[in-house]
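Coordinate inspection notes
Chain by chain, the residues:
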Amino acid sequence: MKRGNRSFQIALSGISCAVAVIFLSLGIISGIFVATGYMFGILALMVPLAKNFYLGDFLAYIGTCILALIFGAAAGFWDLIPFIMFFGLHPLINALQKKFNINKWLALAVKAVWFDCTLIASYFIVFGGILGGSFLPDEVYRVINDYIYLFIFTLGTVFFVLYDYLILKCQIAVNIIVRKIKK
């Protein structure tokens, strides 16, 4: 890699990291825009992948996780767990799947299990293994808690398939936008 390309990779990855940190931190600090922060953080981390900067993307992901903790997420660390375990790495895994021409059905199955495991870990870490609240009747929460694995491995997997498809389409859109950047 030429020196100019390396500088461009570092700059693009650094900007990606900074934007991801801003949105992720704002989402977590707000409390109600966590999913929005995740989504914009994921989109920001797709930028280096548009130029096939895999290492730059991975380092931007690491930097994003560390800096998001420093800039506000430390108080709500549990809100960052799903991003650290899955959402921040998912675009990179998709890009590597494409680069190495891995069978899409095999990759989808492996990623779905990875997503489901993230949901299970989040259930225990974020919710302490018990979902509850005042939004739904107690009986509904009891059923959810009793059959949590069934819900995760069915509804979670269905959600993931749709999510994975949309993220792949988002990467295409990001690629088109970033392609206009010369270097």
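Notes on the structure follow.

Looking now at the nonpolar core. L24, I42, F83, F87, F160 and Y163 are the most contacted members of the largest nonpolar core, which has 33 residues in total. Mapped onto this core, the elements with two or more residues apiece are α1 (3-30), α2 (34-45), α3 (47-50), α4 (54-73), α5 (77-87), α6 (90-99), α7 (104-125) and α9 (148-179). Not counting the four nearest positions on each side in its chain, F83 is found in contact with L24, Y38, G41, I42, L45, Y61, T64, C65, G88 and L89.

Counted under the stated rule, the structure contains zero disulfides. With no disulfide of its own, C65 lies 8.9 Å from the sulfur of C17, the closest cysteine sulfur. Left without a disulfide partner, C117 is nearest to the cysteine sulfur of C65, which lies 19 Å away.

We now examine the packing of aromatic side chains. Throughout the structure, instances matching the rule amount to 16 aromatic pairs. Between the aromatic rings of Y38 and F87, the centroid separation amounts to 5.5 Å while the plane-to-plane angle is 55°, which identifies the pairing as tilted. Pair noted here: Y38 is in helix α2 and F87 is in helix α5, with a separation of 49 residues, a long-range link. Ring centres of F58 and Y61 lie 6.1 Å apart, and the angle between their planes is 35°; this geometry places the pair in the tilted category. Taken as a pair, F58 and Y61 lie in helix α4 at a separation of three residues, close to a single helical turn. Judged by relative accessible area, F58 falls into the partly exposed class, the value being 35%. An aromatic cluster is defined as three or more aromatic residues linked by ring pairs; in this entry it consists of Y38, F83, F86, F87, W114, F115, F159, F160 and Y163.

Before going further, it helps to spend a moment on the pattern of salt bridges. If you walk through the whole model with that rule in mind, you get one salt bridge. Here D164 and K111 are joined by a salt bridge, their closest N and O atoms 3.1 Å apart. Separated by 53 residues along the polypeptide, D164 in helix α9 and K111 in helix α7 bring together distant segments of the chain. Assessed through its relative accessible area of 4%, D164 is described here as buried. Note on K111: relative accessible area 3%, which makes it buried.

Turning next to the packing of α7 against α9. α9 packs onto α7 with a crossing angle of 130° between their chain directions and a minimal axis gap of 9 Å. Regarding the angle of α7 to α9, the classification is oblique. Judged by the twist between their axes, the crossing of α7 over α9 is right-handed. Across the interface between the two elements, L108, K111, A112, F115, D116, L119, I120, Y123 and F124 of α7 pack against I148, Y149, I152, F153, G156, T157, F159, F160, V161 and D164 of α9. Here the residues of the contact of α7 with α9 are counted per class, giving 14 nonpolar, two polar and three charged.

How each quantity is defined
Residues numbered from 1 in each chain as written. Predicted model: local features only at pLDDT ≥ 70, side-chain atom pairs only at ≥ 80, totals over all residues. Heavy atoms only, no water. Core = buried A, V, L, I, M, F, W, Y, C linked by side-chain atoms within 4.5 Å. Buried < 20%, exposed > 50% of the residue type's maximum accessible area, 1.4 Å probe, protein only. Helix = DSSP H or I, 4+ residues; strand = E, 2+ residues; numbered from the N terminus. Contact = heavy atoms within 4.5 Å. Disulfide = S-S within 2.5 Å. Phe/Tyr/Trp six-rings, centres within 6.5 Å; stacked < 30°, edge-to-face > 60°. Salt bridge = Lys/Arg side-chain N within 4 Å of Asp/Glu carboxyl O. Axes fitted to C-alpha atoms, helices over the stretch in contact; angles between N-to-C directions. Parallel < 35°, antiparallel > 145°, perpendicular 65-115°, else oblique. Left-handed = near helix turned anticlockwise from the far one by under 90°. Nonpolar A, V, L, I, M, F, W, Y, C, P; charged D, E, K, R; others polar.

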